[in-house]
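Observations on the model geometry
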Amino acid sequence: MRRTSGLFTHSLFGPVLKIFFRDGKMPSLVNTEIEAAVKGFLIDQEKMTEVVERMTKEIKMGLAKDTHSRAVIKCFVSHVQDLPTGKERGKYLALDLGGSTFRVLLVNLLSEADVEIVSKSFNFPVTLMSGSGKALFDFLAECLSEFCHYHGLENESLPLGFTFSFPVQQQGLSKGILVAWTKGFSCEGVVGKNVVTLLQEAIDRRGDMKVNTVAILNDTVGTLMSCAFYHPNCRIGLIVGTGSNACYVEKTVNAECFEGYQTSPKPSMIINCEWGAFGDNGVLEFVRTTYDKIVDKVTPNPGKQTFEKCISGMYMGELVRLVVMDMVARDLMFHGTSSQKIQERWSFKSSYISDIESDAPGEYRSCNKVLSELGIVGCQEPDKEALRFICEAVSSRSAKLCACGLVTIINKMNINEVVIGIDGSVYRFHPKYHDLLQFHMKKLLKPGVKFELVVSEDGSGRGAALVAATAVKAKL
Ligand code: GLC
């Protein structure tokens, strides 16, 4: 990654792009009223510093025993105390629920250099997201059974790591109570229950495989573990996808909600921050806009996951759509008319933001494609510039807030060098996200602190297998 003034060279996703950070500076074709409308998304250095300060306080509250119950950033203990050594071996199954797809994986840790992963993504019916818990877990077991039979694994007693990417209060590696649903899920009868039991019961009900669920983990933890397998200095796992969250390696003595925090012989513990809930107590109002408030109201969990709703892929597209609709209503875009499609909630996918921002300045190839998918015709160049400007405002704020979160964690860890393993569709596919994150982190961090942002492959596969391996070893 090389940097010249204002222009960044980014080579992560194929072709090298020259990127200019406009950071809210208005391109000449964009109307000043549109600029005023997106102003709320532009957070300056002073506000970012304030976010870091407030988040530091909340993380400390989550970790401490006497403030944990009223803390919004819960800082759940993951019970994962060993980072991978690279010597883990064996065959494991994994389930991955909570991102854009539901997957079943078979992971064979053959050697450090040779990890075989076979996986299958299943169509996840949307109706399951709000149905009964039993229907959900029966579906997971059915997909697992189909996968095991296809690969001839039905008679093997394989350990399974369950990547379940929701706020879970873990009471051990294989016991986790769902605290609340996030990301549009609201299945009945699961909150307050041990999800490992619910999954295992569904598997056992079928009676057609010998799988044993040995570990439950958050996707951030899988991401950290997977990255640490190759980068021993990895201490933070970050997801910027459908949702957003991070985990990090804390000193065991600081993980007060872990029963053995004073006596454990192991020096560290991975903490699942659940940072998405930051701001649920009102401390983030100074970076929220009226559009954020509208998005929040139409989600199944209003008032919850405030930080996540400013950052992640599930909400970014809707934020852009709301600004655009407002501009159309005020006759500032598209000649005051839109299409049926764009009037529908959630019709503006977050991937459109990545597409639109991938166009070189002054070119509109991807933008035209998005507009045509949305049924918007007859747009002029100023409309396209305005659309891009709105996308940039939303994605830059996301990257800035994420940078604040990472800086908070690095400061809390008080280390001078760290690798951060990252996964999620926003980070992977947005053409500037990596550079924006890096740029703002550098501005916020103390001089001399070195960090590296690394795409972490297969957190929910290799990461889940590594946690399952730890669980199996602990039981021996
Ligand atoms: C949501 C979940 C969290 C997960 C994140 C990323 O914030 O609550 O557990 O890690 O999404 O998938």
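Structure shown above.
First things first, this report covers the structure right here in the doc. Everything numeric here is computed off the predicted structure, so don't read it as measured data. (Residues numbered from 1 in each chain as written. Predicted model: local features only at pLDDT ≥ 70, side-chain atom pairs only at ≥ 80, totals over all residues. Heavy atoms only, no water.)

Scanning the protein chain for helices and strands turns up 16 helices and 16 strands. Overall, the C-alpha framework of the protein chain stretches about 65 × 50 × 45 Å when taken along its three principal axes. Counting over 476 residues, the protein chain shows a buried share of 59%. Across the protein chain, the fraction of contacts at a sequence separation of at least 24, relative to all contacts at a separation of at least 6, is 70%. Split by element, the accessible area of the protein chain, about 19,700 Å² in all, is 51% carbon and sulfur. Taken as two groups, the 54 positive and 53 negative side-chain charges of the protein chain have centres that lie 3 Å from each other. (Helix = DSSP H or I, 4+ residues; strand = E, 2+ residues; numbered from the N terminus. Buried < 20%, exposed > 50% of the residue type's maximum accessible area, 1.4 Å probe, protein only. Contact = heavy atoms within 4.5 Å. Areas by Shrake-Rupley, 256 points an atom, 1.4 Å probe, with all protein chains shown as cover. Lys, Arg positive; Asp, Glu negative; His and termini not counted. Charge placed at Lys NZ, Arg CZ, Asp CG, Glu CD.)

What follows concerns the site of the ligand. Around the ligand sit 15 residues, and of these K183, N218, D219, E274 and E308 come closest. F166 is positioned with one of its backbone polar atoms (N or O) 3.2 Å from an oxygen atom of the ligand. In this structure, N218 approaches the ligand through a side-chain N or O atom, which is 2.7 Å from an oxygen atom. Of all the secondary structure elements, the ones that give two or more residues to the shell around the ligand are α6 (219–230) and β13 (244–251). Here the residues of the shell around the ligand are counted per class, giving 3 nonpolar, 8 polar and 4 charged. (Near = heavy atom within 4 Å. Polar contact = N/O pair within 3.5 Å; in protein donor to acceptor, adjacent residues only side chain to side chain. Nonpolar A, V, L, I, M, F, W, Y, C, P; charged D, E, K, R; others polar.)

In this section: the nonpolar core. Core analysis: the largest hydrophobic core is formed by 124 residues, its most contacted members being L238, W275, M333, F348, I420, L437 and M441. No other element matches helix α13 (residues 381–413), which puts 17 residues into this core. Not counting chain neighbours up to four residues away, the residues in contact with M441 comprise A403, L406, V407, I410, I420, F451 and L453. Within the second largest apolar cluster, 39 residues are counted, among which are F102, L136, W181 and L198. (Core = buried A, V, L, I, M, F, W, Y, C linked by side-chain atoms within 4.5 Å.)

Across all of its chains, the model carries 22 salt bridges by this definition. The shortest N-O distance in the salt bridge between R205 and D138 comes to 2.8 Å. In this pair, R205 is assigned in helix α5 (residues 195–206) and D138 in helix α4 (residues 133–150), connecting sequence segments 67 residues apart. By sharing partners, the salt bridges in this structure join E357, R388, E392 and K432 into a single network. (Salt bridge = Lys/Arg side-chain N within 4 Å of Asp/Glu carboxyl O.)

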